[in-house]
Protein chains: 2
Amino acid sequence: MTDSWLDAVKWNSDGLVPAIAQETGTGKVLTLAWMNREALATTAKEGRAIYWSRSRQKLWRKGEESGHVQLIKDIRLDCDNDAVLLRVEQQGGIACHTGREHCFYQQLQGERWVAVEPVIKSEQEIYGRK
Amino acid sequence: MTDSWLDAVKWNSDGLVPAIAQETGTGKVLTLAWMNREALATTAKEGRAIYWSRSRQKLWRKGEESGHVQLIKDIRLDCDNDAVLLRVEQQGGIACHTGREHCFYQQLQGERWVAVEPVIKSEQEIYGRK
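Rules used throughout
Residues numbered from 1 in each chain as written. Chains lettered and ligands numbered in written order. Predicted model: local features only at pLDDT ≥ 70, side-chain atom pairs only at ≥ 80, totals over all residues. Heavy atoms only, no water. Helix = DSSP H or I, 4+ residues; strand = E, 2+ residues; numbered from the N terminus. Rg over C-alpha atoms; globule rule 2.2 N^0.38 Å. Buried < 20%, exposed > 50% of the residue type's maximum accessible area, 1.4 Å probe, protein only. Contact = heavy atoms within 4.5 Å. Pairing = 2+ DSSP bridges. Axes fitted to C-alpha atoms, helices over the stretch in contact; angles between N-to-C directions. Buried area = accessible area lost by both parts, 1.4 Å probe. Salt bridge = Lys/Arg side-chain N within 4 Å of Asp/Glu carboxyl O. Least-squares fit on C-alpha atoms with pLDDT ≥ 70 in both. Arc of directions from axis to C-beta. Polar contact = N/O pair within 3.5 Å; in protein donor to acceptor, adjacent residues only side chain to side chain.

## Section: the overall build of chain A
Then step 1. Counting its regular elements, chain A contains three helices and eight strands.
Then step 2. In sequence order, the secondary structure elements of chain A are arranged as α-β-β-α-β-β-β-β-β-β-α.
Then step 3. In terms of C-alpha radius of gyration, chain A reaches 15 Å, essentially the compact-globule figure of 14 Å for 130 residues.
Then step 4. Principal-axis analysis of the C-alpha atoms places the extent of chain A at approximately 45 × 40 × 30 Å.
Then step 5. Looking at chain A residue by residue over its 130 residues, the buried ones come to 53%.
Then step 6. Within chain A, residue pairs in contact and separated by at least 24 positions form 38% of the contacts whose partners lie at least 6 positions apart.

Here it is as structure tokens:
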């Protein structure tokens, strides 16, 4: 059974599992995205992060428009088999669609979320032309 | 509106948001757990990680049985407002209920998940007596 490793994953009722992308070297947590079975299988096969876009309801080959591909160094599964951790090399140094290094740039300060990290490239620059 | 920061979070249809715990210093991703509104509010208020246990359907004060409390250093929200990142100080150096440093100890090797990190304390040692 070549797919038994995929059967080991506890997919949720939508057939998805959350996947954390962490940058090797810096250890920065880049993003949390979602994967279905095909996304995880393809990620392992191709060695680049491929997620399931819940908004677009289709496979999302991370970096296909932005060039910000995530190369896979390591794939981990947690103790409950219901969360995945990818260790990746982030191409272009930008993981977030807002043009920041990573997605977790809003910090709780008292009772406010404050954007504490700079935009490195504008969305226009990233997505304006291909 | 003192709770507007909680309203900013996009809770899923079960009223939950995934929360990643990352160890400060080492940068190790410890665990992915879930929070409801009360869990996040209480985490911020008390400065320790408090999750929502989906299996037990109640608040889970991380470390209440094991002593492996996670002290909060930083709370972040992602660009879509639907995932939380906690930077924590992990008491006792063990985050996982299996007695490992963290929960992501199963590594994909070819087509198998292999446990690649040692058990530091047995579950019996952790939970055997209080």
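Still to come is the rest of the account.
## Description of the sheet that holds strand β7 (residues 106–109) of chain A
Then step 1. Read across the open sheet, the six strands follow the order β8(A)-β7(A)-β5(B)-β6(B)-β1(B)-β2(B); overall the sheet is mixed. Every other strand in the sheet has two partners, leaving β8 (112–115) of chain A together with β2 (29–35) of chain B as the edge strands with one partner each. The sheet shows a mean angle of 35° between the axes of neighbouring strands, direction not considered.
Then step 2. With six bridges connecting them, strand β1 (residues 17–23) of chain B and β2 of chain B associate as antiparallel partners. Within β2 of chain B, the residue paired with proline 18 of chain B across the bridge is tryptophan 34 of chain B.

## Focus: the interface of chain A and chain B
Then step 1. Each partner contributes residues to the interface: chain A has 41 residues there, and chain B has 41 residues.
Then step 2. Carbon and sulfur atoms supply 62% of the area buried between chain A and chain B, which totals about 3300 Å² over both sides.
Then step 3. By the criterion of area lost to chain B, the three top residues of chain A are Arg76, Phe104 and Trp113 of chain A, representing 21% of everything that side buries.
Then step 4. The tally of links between chain A and chain B comes to four salt bridges.

## As for the pairing of strand β8 (residues 112–115) of chain B
All names here are of chain B.
Then step 1. In the sheet, strand β7 (residues 106–109) pairs with β8 via four bridges, with the strands oriented antiparallel. Directly across from glutamine 106, in β8, lies its bridge partner alanine 115.
Then step 2. What sits between the antiparallel neighbours β7 and β8 is a turn of two residues, in which glycine 110 has the positive phi angle 65°.

## Side note on the relation of the copies chain A and chain B
Here the second copy of the chain follows from the first by a rotation about an axis and a shift along it.
Then step 1. Mapping chain A onto chain B leaves a residual RMSD of 0.0 Å; the transformation is a rotation of 180° accompanied by 0.0 Å of translation along its axis. The operation mapping one copy onto its partner corresponds to a two-fold rotation axis. Among all residues of chain A, the one whose C-alpha sits closest to the rotation axis is glycine 27 of chain A, at a distance of 2.7 Å.
Then step 2. Interface overlap between copies: 100% of the residues of chain A at the interface are likewise at the interface in chain B, consistent with a symmetric, same-surface contact.

## As for helix α2 (residues 37–46) of chain A
Residue and element names in this part refer to chain A.
Then step 1. Where α2 is concerned, the buried positions are Ala39, Leu40, Thr42 and Thr43. Summarising the axial view, the buried residues of α2 lie within an arc of 165°, below the 170-degree limit, and thus occupy one face.
Then step 2. Packed against the buried residues of α2 are α1 (4–7), β2 (29–35), β3 (50–53), β4 (58–61) and β5 (70–77).
Then step 3. Once α2 finishes, glycine 47 follows within two positions and takes phi at roughly 75°, a positive value.

## Some thoughts on unusual backbone geometry
Apart from glycine, the bulk of residues carry a negative phi angle, and the bulk of peptide bonds sit in the trans form.
Then step 1. With a phi close to 60°, asparagine 81 of chain A is a non-glycine residue in the positive phi region.
Then step 2. When you line up the elements, asparagine 81 of chain A lands in the loop between β5 and β6 (84–90).
Then step 3. Residues other than glycine seldom take positive phi values, yet glutamine 57 of chain B does so here, at roughly 55°.
Then step 4. Mapped onto the fold, glutamine 57 of chain B is located in the loop between β3 (50–53) and β4 (58–61).

## A short note on the sheet that holds β8 of chain B
Then step 1. In spatial order, the strands read β2(A)-β1(A)-β6(A)-β5(A)-β7(B)-β8(B); together these six strands make up an open sheet with mixed pairing. Sheet topology places β2 of chain A together with β8 of chain B at the edges, where each strand pairs with a single neighbour. When strand polarity is set aside, the average angle formed by the axes of neighbouring strands in this sheet is 35°.

## Observations regarding the side chain of glutamine 106 of chain A
Then step 1. Relative to the elements of secondary structure, glutamine 106 of chain A occurs in strand β7.
Then step 2. At a separation of 2.7 Å, a polar atom in the side chain of glutamine 106 of chain A contacts the main-chain carbonyl oxygen of aspartate 78 of chain B.
Then step 3. Contacts of glutamine 106 of chain A, omitting those with residues within four sequence positions, involve Trp113, Val114 and Ala115 of chain A together with Ile75, Arg76, Leu77, Asp78, Cys79 and Asn81 of chain B.

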